[in-house]
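# Understanding the architecture of this molecule
Single-letter residue listing:
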Amino acid sequence: APDDDDREDVSKFMPDSQGHTEEKSMAASSDAVPKSVDPTTPKPAAVEVPPTSAAPSTPPPRPNPPDPFDPASLRLGSDYSEGLGVRKVISTIPNRKPNKSEWFRVRPGADWRLQTAVLELERGIERSTYLVVPTLWPDLSGEIAPALLLTCVNQAGDLFLWRIKLPKADGRSNTWTESALQIALAAETTWGRMVSDTENAIYTHYEPTGVLPEPKWPDLPFPAMLKIAFRDRMIDTIDHPVLRELRGGA
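Procedures and definitions
Residues numbered from 1 in each chain as written. Predicted model: local features only at pLDDT ≥ 70, side-chain atom pairs only at ≥ 80, totals over all residues. Heavy atoms only, no water. Buried < 20%, exposed > 50% of the residue type's maximum accessible area, 1.4 Å probe, protein only. Helix = DSSP H or I, 4+ residues; strand = E, 2+ residues; numbered from the N terminus. Arc of directions from axis to C-beta. Contact = heavy atoms within 4.5 Å. 1 Å grid on protein atoms, 1.4 Å probe; cavity = no way out; pocket = protein on both sides within 12 Å on 5 of 7 lines; lining within 4 Å. Points joined across faces, edges and corners; volume = space filled by probe spheres on them. Phe/Tyr/Trp six-rings, centres within 6.5 Å; stacked < 30°, edge-to-face > 60°.

Turning our attention to helix H6 (residues 222–229). Taken together, the buried positions of H6 are occupied by Phe222, Met225, Leu226, Ile228 and Ala229. Taken end-on, H6 shows its buried residues confined to a sector of 165°, consistent with a single buried face. Opposite the packed face of H6, turned more than 90 degrees from it, sit the exposed residues Pro223 and Lys227. On the buried face of H6, the contacting elements are strand S2 (113–123), strand S4 (144–154) and strand S5 (159–165).

Before going further, it helps to examine the layout of surface pockets. Size it by volume and the second largest pocket reaches roughly 610 Å³. Along the walls of the second largest pocket sit 26 residues, with Glu120, Arg127, Arg163, Lys165 and Tyr203 positioned nearest its centre. Those elements that provide at least two residues to the lining of the second largest pocket are strand S3 (126–132), S4, S5 and helix H5 (175–186). Among the elements that line the lining of the second largest pocket, the one with the most residues is S5, at four residues.

Right, let's talk about the packing of aromatic side chains for a bit. This model, assessed by the stated rule, comprises two aromatic pairs. Ring geometry for phenylalanine 104 against tryptophan 162: centres 5.6 Å apart, planes inclined by 85°, an arrangement best described as edge-to-face. Taken as a pair, phenylalanine 104 in strand S1 (residues 104–106) and tryptophan 162 in strand S5 lie far apart in primary sequence, 58 residues in all. The residues phenylalanine 104 and tryptophan 162 share a single accessibility class, namely buried. Geometrically, the ring pair formed by tryptophan 176 and tyrosine 203 is edge-to-face, given 4.8 Å between the ring centres and 65° between the ring planes. Taken together, the positions of tryptophan 176 in helix H5 and tyrosine 203 in strand S7 (residues 202–206) put the pair 27 residues apart, joining distant regions of the chain. For tyrosine 203, a relative accessible area of 16% puts it in the buried group.

The structure is reproduced here in structure tokens:
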């Protein structure tokens, strides 16, 4: 019969309730103990993974180049002379009323108009308007008439002075004058067109249905306009050829 020491040795190899021997349990417990790491052992270098390149994007389509023969790019504007580095020289300024086929504007402000006395001379279908110096007004009271001179311009940039007869000293007016003054007042702020209505003895006023660009007034003072417009039509002496013609003189 085994002694106590033998029994103790044998018990080491007796299976437990799980069917494992104690030696196996001891082996398992020995495996569970973490192994010490040698600090001198070099760590493996990290491997860099190159980034995945994105797929190339599709470039946007190129716009079509402008057509050099497009009429819109070749058309002259009303201010074409400014782009050429030139300036229009005003050597003549007509004294007339607006034509029935043109759009015109009246320059507002007292500095761009003159109320004065004029003398009109008719030679057939030609009608000429003369300025008269104030010293001669008493001598020509039967020949001269009060008038309003207005600075006007049409869409083409043509400058002209519009003469509107005013009521005389007796205060009597007429429908032609009244309608012309109304149209002139409206033309200070918007383009207008004026057509004679002989049946009703008035001027008919027309306004554009669309928006027209603002007028470009020339850089010319009003006194210079008067000098150009009436360069050869200023009566400043009683012996002026026009007055001699009216009196039947040579």
